[in-house]
Amino acid sequence: MSIRILGIESSCDETAAAVVAGGREILSSVVASQIDIHRKYGGVVPELASREHLRRIVPVVREAMEQAGMKLEELDAIGVTHGPGLVGALLVGITYGKTLAMALGKPLVGVNHLEGHVHAVFLEAARAGRNVELPAVCLIVSGGHTVLYEVNAEGGGGKDEPGLFRYGRIGQTRDDAAGEAYDKVAKLLGLGYPGGPILDRLAAVEIPGNVKGPRFTVARMKGNSLDFSFSGLKTAVLYYVREHGEFIPEIAAREEAIAQGRRKFEEILPLCSPATLALVRAFQESVVSELAGRAFAAAEQRQAASVLVSGGVAANSRLRAEFESRGAAAGLPVYFPSRALSTDNAAMIAAAAYPRFRAGLHADLRLNAVPGLKLA
Ligand code: KG4
Ligand code: ZN
């Protein structure tokens, strides 16, 4: 019987629990999203997030155990995210994880949320029967993070046995995360929260009348830095909207629609002019080219054998297509998690806990929340 680990995730606005066998087989994965609670504030409100995690954690874990068809006593270990993230939110998962581990007499493993996102890629590859080539360059791109790592095998693994990884940080955002840029631009355009999914779909719509949008340039970094920057782009969108007064009425109309709960894509699309569609597309092209350009430059610089992309923004269809085509051109395999595994979940936490559990890297009851926890 392979080792079965319960993963618990509560670092931001998703309360999640999952059971993963052998570090790679998902037996259950439950995610309770708080989007509806934070939506009216246009972003995650930490106090509300903690309170909601407290309310959801017990039923979410219970459901994950039920879906896996297991009793808590049958678990081999419990893995819990201990950072990075919101301190109050993290503490809910950590406290619950510790309590379970103590009550059941099972080992507890502290997991770095970012390492979870890396493992999401490996979970998906295992599902597809693919073996990820290392060393890899991994882009983690979400609402809270935009960072590039080199991922190497640290040893301890085997053919079907995930081992520990060693990470090196290659680049990171100097200001906003890419997902944050999506969310801020969506807010500015009266498109609600979160911004990524709707901007993704609007950017793909054929623009009537061949209307041309602005051309945003990709931020340049000094030297050969592979850092990212998105605040300049966000400001450029803001100025563009300010300079074009004709955007104001349609922004107001969309805000009104969303306030009334009409936020489905089909309801919002008729409220978007060709100029808005062109603007959204220009924004997205700029984000995608910044992300893909740096990731493939890093892969070349490090002579990586593959490119991995994970985190909420990895769900973006244009981003996926761009990485696929650059990967094909460079002869590099590209790996993404499914959309469900791209955004925050606990299967990735249980998967990341596995090699740590095997290596005896168990936590004790002093495990604490580390809001700024680094991977490298
Ligand atoms: O990984 P995640 O669920 O939570 C964080 O750890 O931040 O990522 C959420 C972020 C949000 O900023 C959201 O707008 C963005 O991912 N996102 C997308 C898409 N789906 C979610 N961004 C672009 N395109 C998408 N399809
Ligand atoms: Zn995340």
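Residues numbered from 1 in each chain as written. Chains lettered and ligands numbered in written order. Predicted model: local features only at pLDDT ≥ 70, side-chain atom pairs only at ≥ 80, totals over all residues. Heavy atoms only, no water.

A. Quick peek at helix α10 (residues 274–301). For α10, spanning 28 residues, the distance from its first C-alpha to its last is 40 Å, which sits close to the expected 40 Å at 1.5 Å a residue. Following α10 by one or two positions, Q303 has its phi on the positive side, about 50°. (Helix = DSSP H or I, 4+ residues; strand = E, 2+ residues; numbered from the N terminus. Expected span 1.5 Å × (residues − 1).)

B. Local environment of the domain arrangement of the protein chain. Along its sequence, the protein chain is organised into domain 1 (4–132 + 338–358) and domain 2 (178–332). Facing 17 residues of domain 1, the contacting portion of domain 2 comprises 15 residues. Taken over both partners, the interface formed by domain 1 and domain 2 buries close to 1,200 Å², and the fraction arising from carbon and sulfur atoms is 60%. Per-residue buried area on domain 1 facing domain 2 is highest for R39, R339 and S342; these three make up 43% of the total on that side. Joining domain 1 to domain 2, the criterion identifies zero salt bridges. Taken together, the connections running from domain 1 to domain 2 amount to six residue pairs in polar contact (both at pLDDT 80 or more). (Domains from an automatic or database assignment. Contact = heavy atoms within 4.5 Å. Buried area = accessible area lost by both parts, 1.4 Å probe. Salt bridge = Lys/Arg side-chain N within 4 Å of Asp/Glu carboxyl O. Polar contact = N/O pair within 3.5 Å; in protein donor to acceptor, adjacent residues only side chain to side chain.)

C. Just the packing of aromatic side chains, in detail. Under the definition given, this model contains eight aromatic pairs. Judged by centre distance (6.1 Å) and plane angle (70°), the ring pair of Y149 and Y167 falls under edge-to-face. Placement of the pair is Y149 in strand β7 (residues 146–155) and Y167 in strand β8 (residues 164–172), with a sequence separation of 18 residues. Put simply, the rings of F122, Y149, F165 and Y167 pair up and form one aromatic cluster. (Phe/Tyr/Trp six-rings, centres within 6.5 Å; stacked < 30°, edge-to-face > 60°.)

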